[in-house]
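# Structure assessment
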Amino acid sequence: MAIPPKNALYFLLLVSSFILGAMADLALSCPSRCEVELQWTLYARQIGGGANANQEEMVHSVHPTTGFGTIVVNNWDVLDAPLPNAAIVARARGTHTKAGPAAGDWFTSLSIVFEGARFNGSTFQVMGITNTDGLWAIVGGTKELSRADGTIKHTLLRATALENYRQLDIRAFYTPPAVNANGIAAQ
Ligand SMILES: *[C@@H]1O[C@H](CO)[C@@H](O)[C@H](O)[C@H]1NC(C)=O
């Protein structure tokens, strides 16, 4: 059945006001679910050997020159300062795999599991190449850090034969499960 032109216009107006109404509802619902920005500098401590080693080589390479194919499992401490007695804020749990011929070609896949007062039990899911310095991508998160995305700039600060400290400059956006009108997470 053809709609007469005048009615068609009315029909269009009706449909568009319905869509605009739905958009307004979406905008109003934002205070219960809003994105939050996080900038936080932490420090990863990687201990390659000795009694306190926090990583272990699980798959050995058959390429002695490049180490290509080596897989190391890691449980690095993530600290609030680059010092042995600093507070542990999280653990960086995952693997790093020698995925290229150069010294810094380590593909790294981590869950950063928070355990301090801030973000306790929440995680960042992180991927990237671990060279001396570089960037990892934050590709997701859980609990308080749900829907996280961003980057972690990592910079080698200090290295000895057995261990090193990496500065982690975290810049992320995440969406806590519920926030109040001021963007503060509801408890
Ligand atoms: C973190 O959560 C665990 C498990 O729920 C709890 O046992 C621990 O006390 C919490 N730590 C802090 C610092 O809140």
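What you are looking at is a predicted structure, and each value in this text was computed from that prediction instead of being measured.

Let's shift gears to the packing of aromatic side chains. Using the criterion set out here, one finds 5 aromatic pairs in the structure. Measuring from centroid to centroid gives 5.8 Å for Phe119 and Tyr174, while their planes differ by 90 degrees, and the two rings are edge-to-face. Of the two residues, Phe119 is situated in the loop between strand S5 (106-114) and strand S6 (123-130) and Tyr174 in strand S9 (residues 163-174); the sequence distance between them amounts to 55 residues. Per residue, the accessibility class of Phe119 equals that of Tyr174, and both read buried. Counting every residue linked through ring pairs, the aromatic cluster contains Trp40, Phe114, Phe119, Phe124 and Tyr174. Over the aromatic face of Trp40 sits the side chain of Arg118, whose NZ or CZ is 4.5 Å from the ring centroid.

Next up on the list: the layout of surface pockets. It is a probe the size of a water molecule, rolled over the atoms, that shows where empty space is left. Roughly 220 Å³ of internal volume is contained in the largest pocket. Every residue lining the largest pocket is counted, 14 residues in all, and those nearest its centre are Gln46, Ala103, Trp106, Thr130 and Arg166. Put simply, the parts of the chain that give the lining of the largest pocket at least two residues each are strand S3 (71-79) and S9. Of the residues assigned to the lining of the largest pocket, the class counts are 5 nonpolar, 8 polar and 1 charged.

Once that is clear, we can look at the site of the ligand. Surrounding the ligand, one finds Gly116, Ala117 and Asn120. In this structure, Asn120 approaches the ligand through a side-chain N or O atom, which is 2.4 Å from an oxygen atom.

This next bit is on the environment of Ala172. In this structure, Ala172 sits in strand S9. A relative accessible area of 0% places Ala172 in the buried class. Residues Ala172 and Phe124, 48 residues apart in the sequence, show an inter-C-alpha distance of 9.6 Å.

What counts as what
In this convention, every chain numbers its residues from 1, walking through the sequence in written order. Under the rules for a predicted model, residues below a pLDDT of 70 receive no local features and side-chain atom pairs below 80 are neither given nor counted, while totals for whole chains, interfaces and linings still include all residues. Only hydrogens and water are removed before side-chain values are computed, so all heavy atoms of the structure are retained for them. Note on ring pairs: Phe, Tyr and Trp rings are taken, using the six-membered ring of Trp, and paired if centres are within 6.5 Å. Classes follow the plane angle, with under 30 degrees stacked, over 60 edge-to-face and the rest tilted. Runs of E in the DSSP output that reach at least two residues are strands. Runs of H or I that reach at least four are helices, and both are numbered from the N terminus. Exposed residues in this analysis have more than 50% of their type's maximum accessible area, buried residues have under 20%, and partly exposed residues fall in between, with area computed by a 1.4 Å probe over protein chains only. Should the NZ of a Lys or the CZ of an Arg lie within 6 Å of a ring centre and within 35 degrees of the ring normal, that charge is described as sitting over the ring. The way it works is a 1 Å grid over only the protein atoms, where trapped points that fit a 1.4 Å probe form a cavity and open points with protein on both sides within 12 Å along at least five of seven lines form a pocket, and then any residue with an atom within 4 Å of a point lines it. Grid points are joined across faces, edges and corners, and a volume is the space filled by probe spheres set on the points. Under the grouping applied here, Gly and all other residues not named as nonpolar or charged are polar, the nonpolar ones being Ala, Val, Leu, Ile, Met, Phe, Trp, Tyr, Cys and Pro and the charged ones Asp, Glu, Lys and Arg. Residue proximity to a molecule or strand is established when one non-hydrogen atom of the residue lies within 4 Å of it. Any N or O atom pair separated by 3.5 Å or less is treated as a polar contact, with the protein-specific requirement of one donor-capable and one acceptor-capable atom, and with residues adjacent in sequence counted only for side-chain atom pairs.

Everything listed here is a matter of geometry and, on its own, says nothing about what the molecule does.
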